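Structure assessment
Each chain, written out:
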Amino acid sequence: MQSGSAKGEAMTAFVLISLAEASNKFKDLDPGEQQAGLTRGGDRGVWCTRARGCQGGPALLQNSISRARDFLEARLNALTDPYDLAIVTYALHLARSGSKDLAFQRLQQNAITNNYTKHWERDPATSALNIEMTSYNLLTYILREDVKGAMPILRWLMELQGPKGGFISTQDTVVGLQALAEMAAANHNPVAVPLTVTVSWNSGGQAFKKDLSIDDSTKMLLQTVDVTIVSSNIPPEVLISASTSGTFTGFPEAKVVMQYNINDSTTSEIFQITYQVVKASAKIFTVVVQAKRVDGKQGGMTLLEVGIPTGFSVDTTHPSYSVPNSKLQEQGHRKYILYYDEVNARGVRASLPMSVSQGIPVNTQPVPIKIYDYYEPGGKQQLTVYYQLSKKKVFVCDSVAKYKDCSSGSLPG
């Protein structure tokens with residue numbers, strides 16, 4: 001479990017969750033394993049006095065759980081933030097608090113429901129946080145053994161799950177996947193019943209159909225079907241049906257995903273980005289990016305992504321390379337990612353030399369620069385602008401290029 005978005009009561013709840021989970025794991029060990037664990041730990045977390053003897057280990061753990069539970073019970077009626085209430089309610093259930101039913105009742109007052117789904121929101125724009133808090137609430141329903149009541153929550157989460165299983169950010173994905181896994185365990189059917197899923201569509205006057213089989217050997221696999229498109233005729237609909245020879249009690253998921261690229265910048269009420277492209281040499285363009293917050297607030301961990309044009313790479317050995325105040329840098333797929341503990345009104349600055357790395361003449365296309373809060377990417381939290389190295393054709397050279405100009409370092413006109 002993680003809780004990078006938590007503070008105050010929610011942070012205490014996160015600590016209580018961690019302690020309660022550790023306590024449950026410790027209880028699962030036999031007495032010999034418990035003693036061996038304490039022995040390996042030395043005297044960490046254990047203290048001795050003449051009056052009381054040695055204390056610590058399980059006793060210290062239970063004392064910490066009780067203190068955290070008491071604090072949250074005392075603060076329960078004062079909670080107004082739906083995120084705080086979600087994680088506190090789950091923590092109180094996990095710790096078997098006498099106030100867990102009261103917390104659950106308050107949780108229902110904030111639920112957004114329709115005939116098909118149920119979820120919780122802090123703000124419509126904070127999608128990742130909404131997924132995270134709804135996942136905590138699904139975990140609460142599972143602890144209450146209310147699988148029927150949990151189904152609308154499950155449907156809402158599965159609608160927002162990405163085609164490869166993740167959600168929006170690392171934070172909501174960790175909690176979301178745990179909730180989905182616990183829900184699957186609660187609905188586990190030990191009897192394997194084969195299920196056939198049929199996907200069919202029409203494109204360009206042609207009919208297509210693909211069958212997928214779900215059984216013991218494939219139930220844990222993600223199976224995909226590429227929808228064939230004939231002569232740019234996008235199918236008006238994709239039909240998905242399922243059949244079985246027995247009684248299937250699980251909840252297989254099927255979804256249709258359309259992916260496409262748009263070359264549009266976005267606006268943000270929080271961040272501002274400016275950039276400059278400098279031709280450092282015949283083979284190197286330096287991209288200088290400056291970003292800052294403009295909402296007057298002090299932000300948390302922030303990511304700056306600078307897109308890398310096709311045929312180029314970031315040369316970290318070049319003298320113009322500079323990433324002050326960045327705690328971590330990562331080379332992603334066609335992007336360079338910089339991590340900052342925070343970005344405030346003073347802003348941050350990065351200078352990235354883009355060096356040619358391939359042997360083909362190309363028109364460099366615009367690529368994005370993005371900045372966003374680590375725990376809440378997307379929406380108003382994210383700003384995207386596009387930059388272009390050169391509007392002229394750039395010759396990208398490598399060691400196998402046959403053009404004479406490559407060896408001399410000049411670019412053909």
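Residues numbered from 1 in each chain as written. Predicted model: local features only at pLDDT ≥ 70, side-chain atom pairs only at ≥ 80, totals over all residues. Heavy atoms only, no water.

Observations concerning the nonpolar core
The condition that has to hold: Among buried residues, the Ala, Val, Leu, Ile, Met, Phe, Trp, Tyr and Cys ones that are joined through side-chain atoms within 4.5 Å form a nonpolar core. To sort residues, take the accessible area from a 1.4 Å probe on protein chains only and compare it with the maximum for the residue type: under 20% means buried, over 50% means exposed, and anything in between is partly exposed. Strands here are runs of E lasting at least two residues and helices are runs of H or I lasting at least four, both read from the DSSP assignment and numbered beginning at the N terminus. Two residues qualify as a contact provided that any one of their heavy atoms is within 4.5 Å of a heavy atom in the partner residue.
In this structure, Ile87, Val88, Tyr136 and Leu138 are the most contacted members of the largest nonpolar core, which totals 47 residues. Top contributing element to this core by residue count: helix α4 (residues 82-94), with nine residues. Residues contacting Val88, with those up to four places away along its chain left out, are Glu9, Ala13, Leu72, Leu76 and Leu79.

Notes on the packing of aromatic side chains
Each aromatic ring pair is summarised here by two numbers: the centre-to-centre distance and the angle between the ring planes. What counts here: Two aromatic rings, drawn from Phe, Tyr or Trp (for Trp, its six-membered ring), form a pair once their centres lie within 6.5 Å of each other, and the interplanar angle then sorts them: stacked below 30 degrees, edge-to-face above 60, tilted otherwise.
Under the defined criterion, the tally for this structure stands at six aromatic pairs. Centroid distance Phe285 to Phe312: 6.3 Å. Interplanar angle 70°. Geometry classified as edge-to-face. With Phe285 in strand β9 (residues 284-293) and Phe312 in strand β11 (residues 312-314), the pair connects residues that are 27 residues apart, well separated along the chain. With a relative accessible area of 5%, Phe285 lands in the buried category.

A closer look at the pairing of strand β14 (residues 348-356)
Spelled out, the test is: A pair of strands is labelled paired if DSSP reports no fewer than 2 bridges between them.
Within β14, eight of the nine residues are buried, leaving the element largely enclosed by the surrounding structure. Pairing of β9 with β14 involves eight bridges; the strand directions are antiparallel. Across the sheet, Gln290 pairs through a bridge with Arg349, a residue of β14.

Some details on the sheet that holds strand β10 (residues 302-307)
What counts here: Lines fitted to the C-alpha atoms define the axes, with helices restricted to the stretch that makes contact. Angles between their N-to-C directions range from 0 to 180 degrees.
A sheet is described by the order of its strands in space; here five strands give the open sequence β12-β13-β10-β16-β17, paired in antiparallel fashion. Either end of the sheet is taken by a strand with one partner, and the two such strands are β12 (328-332) and β17 (383-387). Taken over all neighbouring pairs, the strand axes of this sheet differ in orientation by 15° on average, direction set aside. Relative to strand β13 (residues 335-340), β10 runs antiparallel, the two sharing six bridges. Residue pairing across strands places Gly307 opposite Lys335, the latter belonging to β13.

Focus: the packing of α4 against helix α5 (residues 100-109)
Where we set the bar: Roughly parallel means an angle under 35 degrees; roughly antiparallel, over 145; roughly perpendicular, 65 to 115; everything else is oblique. Helix crossings fall into two classes, left-handed where the near helix is turned counterclockwise from the far one by less than a right angle and right-handed where it is turned clockwise. Note that Gly is not counted as nonpolar here; it falls among the polar residues with everything else outside the nonpolar set of Ala, Val, Leu, Ile, Met, Phe, Trp, Tyr, Cys and Pro and the charged set of Asp, Glu, Lys and Arg.
Following both chains from N to C, one finds α4 and α5 inclined at 150°, their axes separated by 9 Å at the closest point. Overall, the two elements α4 and α5 adopt an arrangement that is roughly antiparallel. In the crossing of α4 with α5, the sense of the turn from one axis to the other is left-handed. The residues of α5 that touch α4, namely those facing Leu85, Ala86, Thr89, Leu92 and His93, are Lys100, Ala103, Phe104, Arg106 and Leu107. Residue composition of the contact of α4 with α5, grouped by class: six nonpolar, two polar and two charged.

Looking at the pattern of salt bridges
This is how it is decided: For salt bridges, the criterion is a side-chain nitrogen of Lys or Arg within 4 Å of an Asp or Glu carboxyl oxygen.
A complete count under the given rule lists five salt bridges for this structure. Across the pair Asp101 and Arg144 runs a salt bridge, and its minimum N-O distance is 2.9 Å. A residue pair is termed long-range when its members are at least 10 positions apart, and Asp101 in helix α5 and Arg144 in the loop between α6 (127-143) and α7 (147-160) qualify at 43 residues. For Arg144, a relative accessible area of 32% puts it in the partly exposed group. The salt bridge partner of Glu305 is Lys335, with a shortest N-O separation of 3.8 Å. Residue Glu305 is located in strand β10, and its partner Lys335 is located in strand β13; the two are separated by 30 residues in the primary sequence.

Notes on the pairing of strand β6 (residues 206-214)
Side-chain direction in a regular strand flips from residue to residue, so the side chains alternate between the two faces of the sheet. The pairing of strand β5 (residues 195-203) with β6 spans nine bridges and is classified as antiparallel. Of the residues in β6, the one forming a bridge with Ser203 is Gln206. Hairpin remark: β5 followed by β6, antiparallel, with two residues in the connecting loop; positive phi at Gly204, about 60°.

Focus: the confidence of the model for the protein
Defined as follows: pLDDT is defined as a per-residue confidence score from the predictor, taking values between 0 and 100.
Per-residue confidence for the protein gives a mean pLDDT of 82; residues scoring 70 or more make up 80%. Of all helices and strands in the protein, the one with the weakest mean pLDDT is helix α9 (residues 404-408) (39), whereas strand β4 (residues 118-119) scores best (97). Between residues 37-51, whose pLDDT stays under 50, and residues either more than four places distant or in other chains, the model counts 17 contacts. In the model, residues 397-413 has pLDDT below 50 throughout and makes 22 contacts with residues more than four positions away in sequence or in other chains.

Observations regarding the environment of Thr126
You can see Thr126 is positioned in the loop between β4 and α6. Overall, Thr126 belongs to the buried group, its relative accessible area being 9%. Separated by 250 residues in the primary sequence, Thr126 and Glu376 place their C-alpha atoms 6.6 Å from one another.

Side note on the side chain of Lys118
Heads up, the rule is: Positive residues here are Lys and Arg, negative ones are Asp and Glu, while His and the chain termini are left out of the count. In protein, a polar contact means a hydrogen-donor-capable atom and an acceptor-capable atom, both N or O and within 3.5 Å, with residues adjacent in sequence counting only if both atoms are side-chain atoms; elsewhere, any N or O pair within 3.5 Å suffices.
Along the chain, Lys118 turns up in strand β4. The side chain of Lys118 sits in the buried core without any salt bridge; Asp146 is the nearest counter-charge, 7.1 Å away. Among the polar contacts listed, one links the side chain of Lys118 to the side chain of Tyr141, at a separation of 3.1 Å. In contact with Lys118, other than residues within four places in its own chain, are Gln108, Ala111, Ile112, Thr113, Thr134, Tyr141, Pro152, Ile153 and Trp156.

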